[in-house]
Amino acid sequence: MSEEKLYAIRNNVGKYLTIERTAPWWDSQVGTAARSTAVALAWAGKHGGHVVTFVEEPKKVVISKKDALRQDWLVARYGLYNPDAVSNILAKYKDEAWGMIDAYVNGYTVAKEKKYRVITPKSWWA
């Protein structure tokens, strides 16, 4: 996944800002792209609208605490985006391989543990 992102300015109507030498204008097609957020925010502040990212980041995978420890081990051993790690995942975790690969490549969040409240008769809080 590339770390380079492109940003554009879009207004509430859905038109994009195009900037050329003569003057800026709003167009329904994709307008001028900026490589840094600072430039895009400056354009948005000057001409109105809000900043949108052309290349959106993939959604992070939700995994358990046990799998998060496995992912941390993989990153510590191989680093990020290493094909050797993917082959290791396929060899070790056959059943959960594709979920582990998605978590390794796109990032992950740890699932929160569910907590239950059990109400019993004649309990101290009732």
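Since this is a predicted model, take the numbers as computed values, not measurements.

K.L.:
What should I look at first to understand the packing of helix H2 (residues 65–78) against helix H4 (residues 97–106) in this one?
P.N.:
In contact at an axis separation of 11 Å, H2 and H4 are set at 55° when each is read in the N-to-C sense. In terms of orientation, H2 lies oblique with respect to H4. Where H2 crosses over H4, the handedness of that crossing is right-handed. Only Met100, Ala103 and Tyr104 of H4 make contact with H2, whose side of the interface consists of Asp67, Arg70, Gln71, Leu74, Val75 and Tyr78. Of the residues in the contact of H2 with H4, the class split is six nonpolar, one polar and two charged.

K.L.:
Is there a simple way to think about the nonpolar core in this case?
P.N.:
Note that soluble globular proteins tend to have their nonpolar side chains buried in a common cluster. Formed by Leu74, Tyr78, Ala85, Ile89, Tyr93, Ala97, Met100, Ile101 and Tyr104, the largest nonpolar core amounts to nine residues. Breaking this core down by element, the ones donating at least two residues are H2, helix H3 (83–92) and H4. Of all the elements, H4 adds the most residues to this core, at four residues. Beyond its immediate stretch of four places on either side in the chain, Ala97 contacts Ile89 and Leu90. Counting six residues, the second-largest nonpolar core is a separate cluster that includes Tyr7, Leu17, Ala40 and Ala44.

K.L.:
Honestly, the packing of H3 against H4 in this entry has me stumped. Any pointers?
P.N.:
The relative placement of two packed helices is expressed as an angle between their axes plus a distance between the axes. Following both chains from N to C, one finds H3 and H4 inclined at 155°, their axes separated by 9 Å at the closest point. Regarding the angle of H3 to H4, the classification is roughly antiparallel. Our pair here, H3 against H4, has a crossing hand that is right-handed. Note on element contacts: H4 touches H3 through Ala97, Trp98, Met100, Ile101 and Tyr104, opposite Ala85, Val86, Ile89 and Leu90. Looking at the contact of H3 with H4 residue by residue, the classes come out as nine nonpolar, no polar and no charged.

Basis of the calculations
- Residues numbered from 1 in each chain as written.
- Predicted model: local features only at pLDDT ≥ 70, side-chain atom pairs only at ≥ 80, totals over all residues.
- Heavy atoms only, no water.
- Axes fitted to C-alpha atoms, helices over the stretch in contact; angles between N-to-C directions.
- Helix = DSSP H or I, 4+ residues; strand = E, 2+ residues; numbered from the N terminus.
- Parallel < 35°, antiparallel > 145°, perpendicular 65-115°, else oblique.
- Left-handed = near helix turned anticlockwise from the far one by under 90°.
- Contact = heavy atoms within 4.5 Å.
- Nonpolar A, V, L, I, M, F, W, Y, C, P; charged D, E, K, R; others polar.
- Core = buried A, V, L, I, M, F, W, Y, C linked by side-chain atoms within 4.5 Å.
- Buried < 20%, exposed > 50% of the residue type's maximum accessible area, 1.4 Å probe, protein only.

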